[in-house]
Amino acid sequence: LKMSWVWFYLPLHLLMAVCLCHSIRTPTTSFKSDLFNFYHSLILADGKETTVHLLKDIPKRYYFVLEEGRAPAPFTVTVTPCDVPIEWSILIHKASASFLGKAAHGDRDTQEVSKSQKTPSIASTIFNYKGNSVETYVGMSSYSALYMLEFLSTERDTHITVYLTTDTTSGHLYPELPVDPRIDVIGIGRTTVTLAWKHSPSVLQHRENIQYCLLVNEKHNYKSLCAAETAIRSSGMKLPPMLALSLSPYLLEPQQVMILSNSELSIINKASSGEVRQICMGTKNTYTVPNLSPSTQYYFDVFVVNLLTNASAAYTGTFARTLEEREPKMTELKDGKVIQVVLDGKKQKFYSLQYQARHKRIQFTFQSCRGQVRVHITKNGKTVASENISGLRYFSLKGNLLDTYLVQLRSTEQSNSSVKVQVSSHFHKPLFPLLPESLKIKSFSKLRTCNSVTIAWLGTQEESKYCVYKKRIEEDQVWMELQSTDRCAGPESRHRSEKVLCKYFYDINLQRAVTTETIKGLDAGTLYLFDVYLIGPSGIPVRYHSKVVKTRKKC
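I will try to describe carefully the structure that is included in this document. (Residues numbered from 1 in each chain as written. Predicted model: local features only at pLDDT ≥ 70, side-chain atom pairs only at ≥ 80, totals over all residues. Heavy atoms only, no water.)

1. Some words on the overall build of the protein chain
Scanning the protein chain from terminus to terminus reveals five helices and 38 strands. Out of the 555 residues belonging to the protein chain, those deemed buried represent 45%. Taking contacts inside the protein chain between residues at least 6 apart in sequence as the whole, the part at least 24 apart equals 73%. When the accessible surface of the protein chain is summed, it comes to about 29600 Å², and 51% of that surface belongs to carbon and sulfur atoms. (Helix = DSSP H or I, 4+ residues; strand = E, 2+ residues; numbered from the N terminus. Buried < 20%, exposed > 50% of the residue type's maximum accessible area, 1.4 Å probe, protein only. Contact = heavy atoms within 4.5 Å. Areas by Shrake-Rupley, 256 points an atom, 1.4 Å probe, with all protein chains shown as cover.)

2. Quick look at the sheet that holds strand β12 (residues 183-188)
One open sheet holds the three strands; their spatial order is β12-β13-β18, and the pairing between them is antiparallel. On the outer flanks of this sheet lie β12 and β18 (286-289), each paired with one strand and no other. Taking each pair of neighbouring strands and ignoring which way they run, the sheet shows an average axis angle of 25°. Of the strand pairs in this sheet, β12 and strand β13 (residues 193-197) are connected by five bridges, and their pairing is antiparallel. Within β13, the residue paired with Gly-187 across the bridge is Thr-194. (Pairing = 2+ DSSP bridges. Axes fitted to C-alpha atoms, helices over the stretch in contact; angles between N-to-C directions.)

3. A word on the sheet that holds strand β28 (residues 392-398)
With respect to topology, four strands assemble into an open sheet ordered β23-β30-β25-β28, the strand pairing being antiparallel. Two strands in the sheet have a free side with no partner beyond their single neighbour: β23 (338-343) and β28. Between one strand and the next, the sheet's axes are offset by a mean angle of 20°, whatever the strand orientation.

4. Let's talk about the packing of aromatic side chains
Geometrically, a pair of aromatic rings is defined through the distance of the ring centres and the angle of the planes. Scanning all chains against the criterion turns up 22 aromatic pairs. Ring centres of Phe-75 and Tyr-137 lie 6.0 Å apart, and the angle between their planes is 45°; this geometry places the pair in the tilted category. In this pair, Phe-75 is assigned in strand β4 (residues 73-81) and Tyr-137 in strand β9 (residues 135-141), connecting sequence segments 62 residues apart. Accessibility expressed as a relative area gives 0% for Phe-75, which makes it buried. The class of Tyr-137 is buried, set by a relative accessible area of 0%. (Phe/Tyr/Trp six-rings, centres within 6.5 Å; stacked < 30°, edge-to-face > 60°.)

5. Side note on the state of the cysteines
Scanning the entire structure with this criterion turns up five disulfides. Two residues share a disulfide in this structure: Cys-82 and Cys-226, whose sulfurs sit 1.6 Å from each other. Here the S-S torsion is close to 110°, and the disulfide linking Cys-82 with Cys-226 is therefore right-handed. With a gap of 144 residues between them, Cys-82 in the loop between β4 and β5 (86-94) and Cys-226 in helix α4 (residues 225-234) connect regions that are remote in the sequence. Covalently, Cys-467 is tied to Cys-502 through a disulfide, its sulfur atoms 2.0 Å apart. Because the sign of the S-S torsion sets the handedness, a value of about 110° for the bond joining Cys-467 and Cys-502 places this disulfide among the right-handed ones. Of this pair, Cys-467 sits in strand β33 (residues 464-473) while Cys-502 sits in strand β34 (residues 499-505), placing them 35 residues apart in sequence. A relative accessible area of 30% means that Cys-502 is categorised as partly exposed. Along the protein chain, the cysteines that take part in disulfide bonds pair up as 1-3, 2-4, 5-8, 6-10, 7-9, counted in sequence order. (Disulfide = S-S within 2.5 Å.)

6. Some details on the nonpolar core
Where a protein is soluble and globular, its nonpolar side chains tend to be buried together. By size, the foremost hydrophobic cluster in this structure holds 24 residues, and its most contacted members are Phe-64, Val-77, Trp-88, Ile-90, Tyr-147, Phe-151 and Val-162. Looking at this core, the elements that each hand over two or more residues are β2 (48-54), β3 (60-66), β4, β5, β8 (124-131), β10 (145-152) and β11 (158-165). Apart from the residues lying within four places of it in its own chain, the contact partners of Val-162 are Leu-44, Lys-48, Glu-49, Thr-50, Val-52, Val-77, Thr-78, Val-79, Leu-149 and Phe-151. Counting residues in hydrophobic clusters, the runner-up holds 23 residues, among them Leu-353, Phe-366, Ile-377 and Phe-395. (Core = buried A, V, L, I, M, F, W, Y, C linked by side-chain atoms within 4.5 Å.)

7. Here's the deal with the pairing of strand β29 (residues 404-411)
Every second residue of β29 is oriented toward a common face, the buried set being Tyr-405, Val-407, Leu-409 and Ser-411 and the non-buried set Thr-404, Leu-406, Gln-408 and Arg-410. The pairing of strand β24 (residues 351-356) with β29 spans six bridges and is classified as antiparallel. Paired with Tyr-351 across the two strands is Leu-409, which belongs to β29. Note that strand β26 (residues 373-379) and β29 share seven bridges and pair antiparallel. Across the sheet, residue Thr-378 finds its bridge partner in β29, namely Leu-406.

8. Considerations on the pattern of salt bridges
For the coordinates displayed, the defined rule picks out 14 salt bridges. One connected set of salt bridges, linked through shared partners, spans Arg-494, Glu-498, Asp-531 and Arg-543. (Salt bridge = Lys/Arg side-chain N within 4 Å of Asp/Glu carboxyl O.)

9. Remarks on a nonpolar patch on the surface
A surface patch of nonpolar side chains, amounting to about 220 Å² of accessible area, comprises Val-185, Ile-188 and Leu-323. Relative to the assigned elements, Val-185 resides in strand β12. (Patch = residues over 30% accessible without salt bridge, like charges linked within 9 Å, V, L, I, M, F, W, Y side chains within 5 Å.)

10. Quick word on the side chain of Asn-217
Locating Asn-217 in the fold gives a position in strand β14 (residues 210-217). Residue classification places Asn-217 among the buried residues on the basis of a relative accessible area of 2%. From its side chain, Asn-217 meets the backbone nitrogen of Lys-219 in a polar contact 2.7 Å long. (Polar contact = N/O pair within 3.5 Å; in protein donor to acceptor, adjacent residues only side chain to side chain.)

11. Points about the side chain of Ser-133
Along the chain, Ser-133 turns up in the loop between β8 and β9. With relative accessibility at 1%, the residue Ser-133 sits in the buried group. There is a polar contact of 3.2 Å between the side chain of Ser-133 and the side chain of Lys-223.

Structure below.
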């Protein structure tokens, strides 16, 4: 068996204790096997935070030695679970029973600390803990002793951090918490929550190296920043290193959004389960969280972070529910009048319109100007129509006089949408023109030249005016042009230089209600956006779907 340097520093009676510790846990293990197991066990570093990976149901052991000195030797062990609850314990072998140990700092689910033994003991458990809180054991020994830490996860594979130090005079790796580590909710609004907490003693002593970071989510509180980062990663998001919380962030992942303003860093991690926000605000101990959703419960955790070591300590988390959204103002629809409504895609809230029928038969007309719109219509509280619309849509409804209709509109997209709405009892005076079967514009590839393009579109049996417009665009502008198109805007919104022509036509036979137009004077190898406007007797235009065509580069 090869010898390691650690053997030269172990007294003989402590070396024998290793085998005794192993024989207590595994009685059938031989002495040679005990030596081998100890050699391959890990020695816990003093003054350094160690990350320990645990496999389910497989215990992992670490050792450290306290040498005999003139004065009692104090030491602390801090364990931070980063995911599920774990079990961990400290075992000791010592020549004398003069030992004093106590647990401190941190709430715990279960904890047992053995009392001093009056008779010598070969190996004994002096501390045992089970839970997912950050737990610190404080001990003091007057004699040489070998300590063994054993960790076990019974739920799943996980990882923890362990910090051992025998130097309690040179400061703390972990920032200190105040005597009262609670977070106070001092203000609640519909989209904001204001928090306050007592200053950490570490902030008062080392202001330039300490800062507060706040974590906001809709699921639950976290007992450590390590546990929070693990949960966020498991949801499918990637976090930058912990130091990213210190106003010097690494490059963010695509699903992350960083906002930096007024010396505050906010990282928003987006996932299917919702947003998780991380906000660092320096040494301020009050903060108003903005841009929350109304009537939603949020959980808030504050961490005090040492920027030099990346170590952190967690305040006791809290939660609050934002106030309910005010009832939207009801807009009254008037017979025959057209109104245009802009819908906020981000808030995803309904816009409400109300109409009281003056006739038994009425007709609702909706023209989607931008984006797709969800339309929901109720009559006296009962649903009569509900669907998504894009383009022009009519709903003809029959009821009784003075029936109350409620129309609710909502954008189906993240971006804003807009829609024109009209309700009328005069079916013989339609506001919008008669529409063809399709509003698509067709281009003929074979008829394309270097300076001309031929397009065609369908007409109707009603004589109407058609106006054609063209616009030169770049390839990287195509998507934006098509997405930002206002389908309700008429030719008056276009520049005069973009107008090609206007003409009237119709055909009683719908099979022949097709017209073509060749647009000349174009540049070779260039993209053009073509639009056709249909203008009926009422003067309200309907825009065909835009068509992008590129002229030939060589002829």
